[in-house]
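# Observations on the three-dimensional arrangement
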Amino acid sequence: MWVGGTTITVHTENLPTTTALNRSIECVFGDQTVPAVRTMDANILLCRSPSYYDNTTALVQFNLKLLGTSPIVLQKLGVNFQYLRSPYVSSISAFDGPMYGNSYVDLYGTFLHTVGTLGCRFGEHNAVVVNASYVTSTHIVCITPPYLQSTNDINRETKAQTVPIYLTNNAVDFVGTGFMFNYYAAASITSIQPSAGPTTGDLVIRVYGSFPVERDSNVCVFGRVQVPAVYVDKGVMECILPAAEHDGVVPFSFSSNGIDLEPTELTFRYYSAPGIFALSPQFGSIYGDTALIIKVANFETQSDNWFCAFNDSAVRAVVVSSTKVHCASTCLLYTSPSPRDRQKS
């Protein structure tokens, strides 16, 4: 980076020892020099790059210099060192994601004269470096790796962790973006009830599972449609079924941040709203118990929770098929009639 401080390893051949030379060695970056440090290997030196004059990408010649009354410059044609412009991040698209990673984070700012492999690091020195996708000179995308938890974390399954975001061009020097990313423990969904409903929607769906953190951003996802999820009790969420244009099976997902979907193999089945198109007979005794045959459409024959409703009273219906339902009318009177009154009627 242009700010300097990069540790450079210099490989040499047949370099005399400092004692034999009676002089020290310096690394030369263009017109700037820094001390070179000997290693256990006599032919390997280490030096740290000085800062460049400006935040820009620049190529300078690299040499070694033997100090003394008559300094000697050891030159090798074609050996150069490149200073890299530091990227600048002004905003990011996502501030949190599940601990298993795979969250897409858009970073916006200045990424001019990018050289090398641009990468992101979510966390400190031991964190994994992931490649960044270059979109434009003002936009890059990084995908979060899984959070590497320390063995000292007591609640390592549920403990959220906030880490800094760094950028790098060489996987050695890292520049802080000034932004933090929060890893949260992901929800685990086991089942939903009911798992089928009408295309008209407006049905309460209960979601069962493990929800380590109560979040206002929890959503249920039916296919591609998101609806808010509300915390009801430990291990229980509720959401309102959205309407669908067609009947059929759609994948059901859950998200704790409205972006990243929790892995689940659950599905939800939409069916067309049931309807009545014929009733026989259409009148009967006020004392009820009239046998009714109802021709219907799109009825769920697997359900035994159908009822025939007469004003404020209801009786259980018998679903004969997906097109026919039987039930008996209820009594219109509030008191039971006597046998004589029933006979007169």
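Before going into details, it helps to say that this report is about the structure given with it. Worth saying up front: this structure is predicted, and the values here are computed from it rather than measured.

### Examining the overall build of the protein
Secondary structure summary: the protein contains 2 helices and 31 strands in total. Split into buried and exposed, the 345 residues of the protein put 38% on the buried side. As displayed, the protein offers around 20,100 Å² of accessible surface, 52% of which is attributable to carbon and sulfur atoms.

### Brief notes about the nonpolar core
Within the largest apolar cluster, 21 residues are counted, with the highest numbers of intra-cluster contacts made by Leu107, Cys120 and Phe122. Sorting the residues of this core by element identifies β9 (88-92), β11 (104-110), β12 (119-122), β13 (129-136), β14 (139-143), β15 (161-168) and β16 (174-184) as the ones contributing at least two each. Ignoring any residue separated from it by four or fewer positions in sequence, one finds Phe122 in contact with Val105, Ala127, Val128, Val130, Cys142, Thr144, Pro145, Val163, Pro164, Ile165, Phe181 and Tyr183.

### Quick word on the pairing of β11
Relative to β11, β9 runs antiparallel, the two sharing 4 bridges. Bridge assignment links Tyr88 to a residue of β11, and that residue is Thr110. As paired elements, β11 and β14 share 5 bridges and run antiparallel to each other. Each bridged residue has a counterpart across the sheet, and for Leu107 the counterpart in β14 is Ile140.

### Some thoughts on the environment of Ala244
The topology assignment puts Ala244 in the loop between β22 (236-240) and β23 (248-255). In this structure, the C-alpha to C-alpha distance between Ala244 and Phe222, residues 22 residues apart in sequence, is 9.2 Å. When sequence neighbours within four positions are dropped, the list of residues in contact with Ala244 reads Thr199 and Tyr270.

### Things to note about the sheet that holds strand β1 (residues 7-11)
Within a beta sheet, neighbouring strands are joined by backbone hydrogen bonds and run either parallel or antiparallel to one another. Taking strand neighbours across the sheet as the criterion, the 3 strands line up as β1-β5-β4 in an open arrangement whose pairing is antiparallel. The two strands at the open ends of the sheet, each matched to only one other strand, are β1 and β4 (37-38). One ladder, built from 5 bridges, connects β1 with strand β5 (residues 44-48); its direction is antiparallel. Residue His11 lies in a different strand from β5, and its bridge partner there is Ile44.

### Examining the pattern of salt bridges
If you walk through the whole model with that rule in mind, you get 1 salt bridge. A salt bridge links Glu238 to Arg206; its shortest N-O distance comes to 2.7 Å. Taken together, the residues Glu238 in strand β22 and Arg206 in strand β19 (residues 204-210) connect sequence positions 32 residues apart. Residue classification places Arg206 among the partly exposed positions, given a relative accessible area of 31%.

### Observations regarding the sheet that holds β13
Strands sit in the order β9-β11-β14-β13-β12-β15-β16-β10 across an open sheet of 8 strands; the sheet is mixed. Strands with a single pairing partner mark the edges of an open sheet, and in this sheet they are β9 and β10 (96-98). Within this sheet the neighbouring strands show an average axis-to-axis angle of 35°, counted without direction.

### Notes on the state of the cysteines
This model, assessed by the stated rule, comprises 4 disulfides. The side chain of Cys120 participates in a disulfide bridge whose partner is Cys142; the two sulfur atoms lie 1.8 Å from each other. Negative torsions about the S-S bond denote left-handed disulfides, and the value of about 55° found for Cys120 with Cys142 makes this one right-handed. Taken together, the residues span a long stretch of sequence, with Cys120 in strand β12 and Cys142 in strand β14 at a distance of 22 residues. Judged by relative accessible area, which is 0%, Cys120 ranks as buried. Across the disulfide, Cys220 is cross-linked to Cys239 (sulfur-sulfur distance 2.4 Å). In this structure, the disulfide formed by Cys220 and Cys239 twists by about -95° around the S-S bond and is classed as left-handed. With Cys220 in strand β20 (residues 219-222) and Cys239 in strand β22, this pair connects stretches of sequence that are 19 residues apart.

### Re empty space enclosed by the protein
Counted under the stated rule, the structure contains 2 cavities of 30 Å³ or more. Taken as a whole, the second largest cavity encloses approximately 40 Å³ of empty space. Along the lines of polarity and charge, the residues of the lining of the second largest cavity split into 7 nonpolar, 2 polar and 1 charged.

### Remarks on the side chain of Glu262
Within the secondary structure, Glu262 is located in strand β24 (residues 261-262). Given a relative accessible area of 2%, Glu262 falls into the buried group. Within polar-contact distance, the side chain of Glu262 engages the side chain of Tyr100 at 3.1 Å. For Glu262, the contacting residues outside a window of four places in its chain are Tyr100, Tyr184, Ala186, Ala187, Phe254, Ser255 and Ser256.

Analysis parameters
Residues numbered from 1 in each chain as written. Predicted model: local features only at pLDDT ≥ 70, side-chain atom pairs only at ≥ 80, totals over all residues. Heavy atoms only, no water. Helix = DSSP H or I, 4+ residues; strand = E, 2+ residues; numbered from the N terminus. Buried < 20%, exposed > 50% of the residue type's maximum accessible area, 1.4 Å probe, protein only. Areas by Shrake-Rupley, 256 points an atom, 1.4 Å probe, with all protein chains shown as cover. Core = buried A, V, L, I, M, F, W, Y, C linked by side-chain atoms within 4.5 Å. Contact = heavy atoms within 4.5 Å. Pairing = 2+ DSSP bridges. Salt bridge = Lys/Arg side-chain N within 4 Å of Asp/Glu carboxyl O. Axes fitted to C-alpha atoms, helices over the stretch in contact; angles between N-to-C directions. Disulfide = S-S within 2.5 Å. 1 Å grid on protein atoms, 1.4 Å probe; cavity = no way out; pocket = protein on both sides within 12 Å on 5 of 7 lines; lining within 4 Å. Points joined across faces, edges and corners; volume = space filled by probe spheres on them. Nonpolar A, V, L, I, M, F, W, Y, C, P; charged D, E, K, R; others polar. Polar contact = N/O pair within 3.5 Å; in protein donor to acceptor, adjacent residues only side chain to side chain.

Bear in mind that shape data such as this cannot, by itself, settle questions of function.
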